[in-house]
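So you can see what is in the structure, the chains are spelled out below.
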Amino acid sequence: MTTDTSTRMPALYIGHGAPPLLDDPLWSSQLAAWAGDLPRPKAILIVSAHWESAPLSLTASGAPLVYDFGGFAPKYYKMTYRTPDATALATRVAAMMPRTEPVHQHASRGLDHGAWVPLKIMYPAADIPVLQMSMPTHDPGRLMEIGRRLKPLRDEGVLIIGSGFLTHGLPFLTSWQIDADAPGWSSDFDAWAGEAMARGDVDELASYRSKAPGMPFAHPTVEHYTPLFVTLGAATDPTEPGDQVIDGFWMGLSKRSLQVA
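Every chain begins its residue count from 1, and numbering advances along the sequence as written. Since the coordinates come from a predicted model, pLDDT governs what is reported: local features require at least 70, and pairs of side-chain atoms require 80 or more to be given and counted, while whole-chain, interface and lining totals use all residues. Heavy atoms throughout the structure, all of them, feed into the side-chain values; hydrogens and water do not.

Worth spelling out the cut-off: UniProt positions are given in the numbering used here, feature names are shortened, and annotations may be inferred rather than shown by experiment.
The name given to the protein in an unreviewed UniProt entry is Class III extradiol ring-cleavage dioxygenase, and the organism recorded there is Nocardioides daeguensis. Recorded in UniProt for the protein, the comment headed Cofactor (unreviewed entry) runs: "Zn(2+)". Listed in UniProt under the heading Sequence similarities (unreviewed entry), the comment for the protein reads: "Belongs to the DODA-type extradiol aromatic ring-opening dioxygenase family."

1. Looking at the overall build of the protein
Stated formally: For the purposes of this entry, the term helix denotes a DSSP run of H or I that reaches at least four residues, the term strand denotes a run of E that reaches at least two, and both are numbered from the N terminus. The globule rule is 2.2 Å times the number of residues to the power 0.38, and the radius of gyration it is compared with is taken over C-alpha atoms. Buried means the residue's accessible area, taken with a 1.4 Å probe over protein chains only, is under 20% of the maximum for its type, while exposed means over 50%, and partly exposed covers the values in between. Areas reported here follow the Shrake-Rupley algorithm with a probe of radius 1.4 Å; residue values treat only the protein chains shown as occluding. All tallies of charge rest on Lys and Arg as positive and Asp and Glu as negative; His and the ends of each chain are not included. Charged side chains are reduced to one point each, which is NZ for Lys, CZ for Arg, CG for Asp and CD for Glu.
Across its full length, the protein holds eight helices and ten strands. Compactness check: the protein gives a C-alpha radius of gyration of 17 Å against a globular reference of 18 Å for 261 residues, within 12% of the reference. By principal-axis analysis of the C-alpha atoms, the protein measures approximately 45 × 45 × 35 Å. For the protein, the proportion of its 261 residues judged to be buried stands at 56%. Carbon and sulfur atoms form 53% of the exposed surface of the protein, whose accessible area is close to 10,600 Å². The positive charge centre, built from 20 side chains, and the negative charge centre, built from 27, are 7 Å apart in the protein.

2. Quick look at the packing of aromatic side chains
Formally: Two rings from Phe, Tyr or Trp (for Trp, the six-membered ring) form a pair when their centres sit within 6.5 Å of each other. Planes less than 30 degrees apart are called stacked, planes more than 60 degrees apart edge-to-face, and all others tilted.
Counted under the stated rule, the structure contains 16 aromatic pairs. Each ring, one from tyrosine 67 and one from tyrosine 77, has its centre 6.4 Å from the other, and the planes form 45°; the classification is tilted. Note that tyrosine 67 is positioned in the loop between β3 (56-58) and α2 (87-96) and tyrosine 77 in the loop between β3 and α2, a separation of ten residues in sequence. Given the relative accessible area of 29%, tyrosine 67 is considered partly exposed.

3. A short note on the side chain of threonine 226
One can find threonine 226 in the loop between α7 (208-211) and α8 (227-233). For threonine 226, a relative accessible area of 0% translates into the label buried.

4. Observations concerning the nonpolar core
Just so we agree on the cut-off: As used here, the term nonpolar core means buried Ala, Val, Leu, Ile, Met, Phe, Trp, Tyr and Cys residues forming a set that is joined through side-chain atoms within 4.5 Å. Contacts: residue pairs with any heavy atoms within 4.5 Å of one another.
Judged by nonpolar contacts, the single largest core of 83 residues is most densely connected at Tyr123, Leu150 and Leu205. Ignoring any residue separated from it by four or fewer positions in sequence, one finds tyrosine 123 in contact with Ala35, Leu38, Pro41, Ile44, Tyr81, Ile128 and Leu159.

5. A look at α2
Think of an α-helix as 3.6 residues a turn; residues three or four steps apart then line up on the same face. In plain terms, the rule: Taking the helix axis as origin, the arc is that swept by the directions to the C-beta atoms.
When we look at burial in α2, the residues that qualify are Leu89, Ala90, Val93 and Met96. Along the axis of α2, the buried residues cluster in a sector spanning 125°; they form a single face. Looking at α2, the residues exposed on the side facing more than 90 degrees away from the buried face are Ala88, Thr91 and Ala95. Those residues of α2 that are buried lie in contact with β2 (43-52), β3, β4 (103-105), β5 (130-135), α4 (140-150) and β6 (158-164).

6. Description of the pattern of salt bridges
Any two side chains of opposite charge can pair, on the condition that their charged atoms come close. For the record, the criterion: What counts as a salt bridge is simple: a side-chain nitrogen of Lys or Arg found within 4 Å of a carboxyl oxygen of Asp or Glu.
Applying the stated criterion to the full structure yields eleven salt bridges. In this structure, aspartate 190 engages arginine 256 in a salt bridge whose closest nitrogen and oxygen atoms are separated by 2.8 Å. Here aspartate 190 is found in helix α5 (residues 184-199), whereas its partner arginine 256 is found in the loop between β9 (253-254) and β10 (257-260), with 66 residues between them in sequence. The pair aspartate 190 / arginine 256 is uniform in exposure class, with both members buried. Residues arginine 199 and aspartate 201 are paired through a salt bridge, measuring 3.2 Å at the closest nitrogen-oxygen approach. The class of arginine 199 is partly exposed, set by a relative accessible area of 47%. Aspartate 201 gets classed as partly exposed once you look at its relative accessible area, which sits at 24%. Within this structure, Glu145, Arg148 and Arg149 form a network of salt bridges that share partners.

7. Structural notes on helix α3 (residues 113-122)
Where we set the bar: Distance and chemistry together define a polar contact, namely a pair of N or O atoms within 3.5 Å, with one atom able to donate a hydrogen and the other to accept it when in protein, and with adjacent residues in sequence counting only for side-chain atoms on both sides.
Of all ten residues in α3, nine are buried; the element is thus mostly enclosed. In this structure, the buried side of α3 is in contact with β1 (11-15), α1 (25-37), β2, β5 and β6. With a side-chain oxygen lying 2.9 Å from the backbone nitrogen of glycine 114, the N-terminal cap of α3 falls on aspartate 112.

8. Quick notes on unusual backbone geometry
Cis geometry marks the peptide bond from alanine 54 to proline 55; its omega dihedral reads 0°. Of note, proline 55 is situated in the loop between β2 and β3. A positive phi angle, near 55°, is found at alanine 126, a position not held by glycine. Within the fold, alanine 126 resides in the loop between α3 and β5.

9. A short note on the environment of leucine 89
Relative to the helices and strands, leucine 89 resides in helix α2. In this structure leucine 89 comes out as buried when scored by relative accessible area, which is 2%. In sequence terms leucine 89 and leucine 58 are 31 residues apart; their C-alpha atoms lie 10.0 Å from each other.

Shown next as C-alpha cells:
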C-alpha cells in the first residue's frame, strides 16, 4: 500500500440500520449517492457496533458473513458479500498499533451486518477489499487514539468507517414502521449530537453519558454510538466540523451520519 495524498479518503460515521435497510429505497439511495460522491477506495476498514472484542481483532479474509440478527425474512440469511483479500490491510493495521494495543487476527470471523449491510448498498460490486476491526473498548479517548493511529491509512486510499446508529433505544420503541415518528428521547439526542458535531465539539460528544438529553433511552447500551470516536480520531482535525451527510429517522431512530476530512 502506497501513500498518495491526492487520493486521501475521508472518514465516515454511518448508521447501518438492520437488514431491511437493503429494501428501503430512501435510505439505500442516500447511502449509494454518498458512496458515489467519494473517491473510489483502494480498501475499506470498518468498525461495527456488533463486534465488541478485546484485544482488538481483525476479520479473516474470505470468511462467511455473520448473520447476527433474528426475526427477519429468510432471504437475508442467504445473502453474500464476497470481497477481495484484505490480508495486506490487516498486516498494515496490526503494525500501526502500539504494544499496549495488541491485535488478534481472527481465523474464521467474517463481516457482521453492521459492515456488510451498508457496504452492500454503497459498494454493491463487492470489488474492494474490506477489513472489519473490533471495538476493544467504549472509552472515547482510547477509541480516538486508535483512530489517530489509523489516520495515515487515509493517505493510502483506505476508507475508514465507524458503523453504528446515532440512537439505538430498541427496547423503548413502540412502533416498528420505517416512517414511525421519532420518540422524544431519540429526537432530543439527535439534535444535541447534530449541534455538537456542527461545532466540532469533541468534548461534548464524549460526555454523552452526563450531557446528552435522552440518555439512557437513546443508548441503553452504547456500542452503536461509540464507533463515532474512531471516526473522529481518524480526522485530520477532530475539532473541525464535518459534513452531516444524512439525517432524519428510521423506525424513530436517528440516521444522522458524518463525514470528516
